[in-house]
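# Reading the structure
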Amino acid sequence: MNYGKQATERKIRSANSKARKYTTKVFLAFIKSLFVLCLFGGIVTASVLIGMVKGIIDNAPDVDISTIVPNEYASTVYDSAGNVTETLVTAGSNREEATYEELPKNLINAFVSYEDSRYWEHNGIDLRSILRAARGVLTGDSSAGGGSTITQQLIKNSVFGGGMEKSFGERLERKLQEWFLAVKLDGAMSKEQILTNYLNTINLGNNTLGVKVAAKRYFNKDVKDLTLSECTVLAGITQNPSKFNPITGQKSNAAKQKVILQYMLDQGYITKEEEELALSDDVYSRIQNVDMAAKEISTPYSYFTDELVEQVITAMKTQLGYTETQAHNMLYSGGLSIYTTQDPGIQSIVDEEINNPDNYSAARYSIEYRLSVTHKNGTTTHYSEKNIHNYHRENVDSGFDGLYNTEQEIQADIDGYKAELIKDGDTILGESLHKTLEPQASFVIMDQRTGEVKAISGGRGQKTASLTLNRATNTFRQPGSTFKVLTAFAPAIDTSGATLGTVYYDSVYRVGKKTFSNWYSSGYQGYSSIRDGIVYSMNIVAVRCLMETVTPQLGVEYAKNFGISSLTDTDYNPALALGGITKGVSNLELTGAFATIANGGVYTKPVFFTKILDHDGNVLIENKPDTHRVLKDSTAFLLTDAMADSMKSSRKFSSNGPSSTSTAASIPGMSAAGKSGTTTANNDIWFVGYTPYYTAGIWGGCDDNQKLTKQNGGTSFHKAIWRKIMTRVHQGMSDPGFAVPDSIETAQICRKSGKLAVKGVCTEDPRGNPVYTEYFAKGTVPTDVCNNHVRATVCATSHKLPTPYCPERTTAVFMVLPAGEEGTTDDSKYAMPGYCTIHTANSIIIPPGNVPDNPGASEDIPQQYGPGAAPQAPQSPGGFWPWGY
């Protein structure tokens, strides 16, 4: 029994042993399989990861590592004297480049000690820093620091736009490519170059990029002059420019500065004494003072720069083929050097005189007002100054013209309007008020020989923003009588056969339903020359010249050749001669047109810059003059001579003629020529003129077209300002006069016909001697003699045409008037008179047989001549009436 039990137990043990062996084999087989599977998975995963990394690296940006340098630099504007006048910046482009030699050692060491302590040892990436940063991420230790080296940060800023990826995958991809490129860069560029480019790239707050700009922005000094404390302030900004900004985040920056100084001490860059000295420096109060000064002197772009911006963008589009966006980006972040034509001395004079309150008899204000109100019922309404104007009209305030005498008057008016408008339950969402001095003015001065604009002013009063309303270049106003020269008189002389002596009859003149009138009250003047039309600004002479000699089509063509771009298809009409055009003109274009005459008839498009260099100093654009001939040099001189006369005091040859129109603009000791212009309703006033050196134009008026009444400044202040500016500009210059070209000759003519004078006839005009010496283009001297003056026999007593009964006769000179003219003129007062009414058949005894049967029907006495009637042109040379006794 015992043996059987033992045998049974042995069998059971044997079975259990076999089961354990089988289980062990199965387990080992599973472990082996699992290991093989994991090994395979690991190999596959590693292969995939290696492939992914390789793919990411292969897709790294294709850049020339050796050329990785900061981009998006601010552009610099220079005046003609080489002074920096503006820095054109946009967000992310306010950068200036410093060389390694300019960087103080303390600045280099401050950044290296805190940002990348092993910078001088590693090969672009620092494995220790990467592991330390990874450990910090895993443990949540924010003080562990970052893993990026200075080389990586330069790559991130220059190649990856600062690293603005949103997803983890994108960040990982960029980081891998950044490591690869950092190693590559470290092998292609010296450590000094890498560090210099990095310090020129970093964002240091307040739109300051790079240490050179930051040194000026925060300390108002060059980067090479920074102290240790100042260097550590800058080094503390870069990690978070908003948080550690030394102006708005002073406490945070100060804490960071202490850490950096400790790093520098620990790494042997500074001594304990230097650390304590830097910490004792009250650097932040110094920064605040510099910031306050920067705000005080911070000003918008000048009017010159406003226009320069447009000119440069246009040039880049037309000459380089850029799009608007490309041109804008290049201008504001391309690091361009723009050399302008602006003369700082002349610009200063222009600004002083345009803004001198003593040059204006009025200082009123227009307003730009905005008010947004949500009413009780939930609706929102937006109001402006036009609603205030309507409010005055509705309240029958006929004396309100939209202008205010004081700022207090403005506020009182707005408060009164709001009191009427705002009801209980209404909410004001927003309100703004901008006040503008009136009357306004603009000024342009340029060198007519080169087309270079030397100075401009786009308005009177403080300029509060950049790229705002520029009345000198972007505002179009009616040019008034300045257009007479461009559209009527210039083409008449240049191509239509007229001369300065050509006469037109100044009397009632109608075209269709429009009746034209002159600006003066001395009455119609009769025969008046083109010279008269310029000197005395005679409207009817200009209109008749356009319509009878030139044609509106030719007038428009000449105006366009003069550079006037604002004409439209509706401007082919008689009003063109008087500047009555649809859109008006800009001061810049009108000044450029007159500069054409000053330049001997050659138009040069006004230019604001001479050349543009790219960031590397290469010429991007060389602004060569754009010129074409508009007038013969003889025409230009003739117009100049007549406009020079308009600036000299004179009165028209007449019994009661108008005075010359531009004497108020004459410059003491300097030859000048110019033309004034005033619109019919006195809304716009102009004077454009030139000397042998410069051409300048001034406009005056109110922005909302109020009339220039005495209360609003009157209509003459502009000429005085023009004279003051030009007198100062020309101080100390010699006067060469206006040279007479070889294409000019002279002749004596009668100013009442424009023809050769007849001695003893023209010279005996009752108003004086109308014979004078006139300039002519060679070959255009008249060959005909005057036929508008005649000598006739008259009764010695009545000085009228004699009858057979007049006992004594003499001769007198009279005017021959053109047929069909209406109204009384100065010439019609001296027309051929009627017959003597003193000596008639009833008033004298005549022997029988000597009395004609019908004295009035005599072949010797024309019947049509009644009192004041005009005979036709004389039939004999010399101007004598061909009948007598």
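Preceding this section is the structure that the text describes.
Everything numeric here is computed off the predicted structure, so don't read it as measured data.

### Some remarks on the sheet that holds strand β4 (residues 364-374)
Pairing within the open sheet is antiparallel, and its three strands lie in the order β5-β4-β6. Strand pairing shows two members of the sheet lacking a second neighbour, β5 (380-384) and β6 (427-438), which therefore form its edges. Each strand axis lies, on average, 5° off the axis of its neighbour in the sheet, ignoring direction. This element, helix α16 (residues 407-421), spans β4, β5 and β6 of the sheet and lies at about 150° to β6.

### Some details on the packing of aromatic side chains
All told, the structure shown has 14 aromatic pairs when counted by the stated rule. One Lys or Arg, lysine 583, reaches over the ring of phenylalanine 476 and ends 5.5 Å from the middle of that ring. Here the basic side chain of lysine 611 rests over the ring of tyrosine 339, its NZ or CZ set 5.2 Å away from the ring centre.

### A short note on the pattern of salt bridges
Going through the model one piece at a time under the given rule, you end up with 33 salt bridges. A salt bridge links arginine 118 to glutamate 121; the nearest nitrogen and oxygen atoms lie 3.2 Å apart. Of the charged contacts, one joins glutamate 353 and arginine 728 as a salt bridge, the two residues approaching to 2.9 Å between their closest N and O atoms. Note that glutamate 353 is positioned in helix α14 (residues 344-354) and arginine 728 in helix α23 (residues 717-729), a separation of 375 residues in sequence. Salt bridges sharing common partners tie together Lys752, Asp765, Arg767, Asp826, Asp827 and Lys829.

### Quick look at the side chain of glutamate 307
Tracing the chain through its elements places glutamate 307 in helix α12 (residues 303-320). No salt bridge is formed by the buried glutamate 307; its nearest oppositely charged neighbour, lysine 605, is found at 8.7 Å. At a separation of 3.1 Å, a polar atom in the side chain of glutamate 307 contacts the side chain of threonine 473. Ignoring anything within four residues of it in the chain, the contact list for glutamate 307 reads Ile456, Asn470, Thr473, Asn474, Leu588 and Phe608.

### Concerning the environment of alanine 665
Note on placement: alanine 665 falls in the loop between α22 (633-646) and β17 (673-678). The class of alanine 665 is buried, set by a relative accessible area of 0%. For the pair alanine 665 and histidine 718, spaced 53 residues apart in sequence, the C-alpha to C-alpha distance is 8.6 Å. Apart from residues lying up to four places away in sequence, alanine 665 is in contact with Met647, Phe687, Lys719, Trp722 and Arg723.

### Re the sheet that holds strand β19 (residues 695-701)
Within a sheet, each strand pairs with its neighbour through backbone hydrogen bonds, oriented either parallel or antiparallel. Taken together, the five strands give an open sheet; going across it, the order is β8-β7-β19-β18-β17, and neighbouring strands pair in antiparallel fashion. Where the open sheet ends on each side, the last strands, each with one partner, are β8 (453-457) and β17. The average undirected angle you get between the axes of adjacent strands in this sheet is 5°. Two strands pair when backbone bridges link them, and β17 and strand β18 (residues 684-690) are joined in this way by six bridges, in the antiparallel orientation. Within β18, the position partnered with threonine 678 by the bridge is isoleucine 685. Contacts from α23 reach β7 (440-446), β17, β18 and β19 within the one sheet, and its direction differs from that of β18 by about 25°.

### Re the pairing of strand β14 (residues 609-613)
Note that strand β3 (residues 337-340) and β14 share four bridges and pair antiparallel. Its bridge partner lying in β14, threonine 340 is registered against phenylalanine 609. Pairing of β14 with strand β15 (residues 619-622), which is carried by three bridges, proceeds in the antiparallel orientation. Bridge assignment links lysine 611 to a residue of β15, and that residue is glutamate 622. A loop of five residues connects β14 with β15, the two strands running antiparallel in sequence, and glycine 617 in this loop sits at a positive phi of about 90°.

### Examining α22
Taking 1.5 Å per residue, 14 residues should reach 20 Å; α22 reaches 20 Å between its end C-alpha atoms and fits that length. Along α22, 12 of the 14 residues are buried, which leaves the element largely enclosed by surrounding structure.

### Re the pairing of strand β21 (residues 771-777)
In terms of burial, β21 is largely enclosed, as five of its seven residues are buried. Two elements, strand β20 (residues 744-750) and β21, share seven bridges in a ladder whose sense is antiparallel. Among the inter-strand pairings, threonine 746 is bridged to a residue of β21, identified as tyrosine 775.

Definitions and limits used
Residues numbered from 1 in each chain as written. Predicted model: local features only at pLDDT ≥ 70, side-chain atom pairs only at ≥ 80, totals over all residues. Heavy atoms only, no water. Pairing = 2+ DSSP bridges. Helix = DSSP H or I, 4+ residues; strand = E, 2+ residues; numbered from the N terminus. Axes fitted to C-alpha atoms, helices over the stretch in contact; angles between N-to-C directions. Contact = heavy atoms within 4.5 Å. Phe/Tyr/Trp six-rings, centres within 6.5 Å; stacked < 30°, edge-to-face > 60°. Lys NZ or Arg CZ within 6 Å of the ring centre and 35° of its normal. Salt bridge = Lys/Arg side-chain N within 4 Å of Asp/Glu carboxyl O. Buried < 20%, exposed > 50% of the residue type's maximum accessible area, 1.4 Å probe, protein only. Lys, Arg positive; Asp, Glu negative; His and termini not counted. Polar contact = N/O pair within 3.5 Å; in protein donor to acceptor, adjacent residues only side chain to side chain. Expected span 1.5 Å × (residues − 1).

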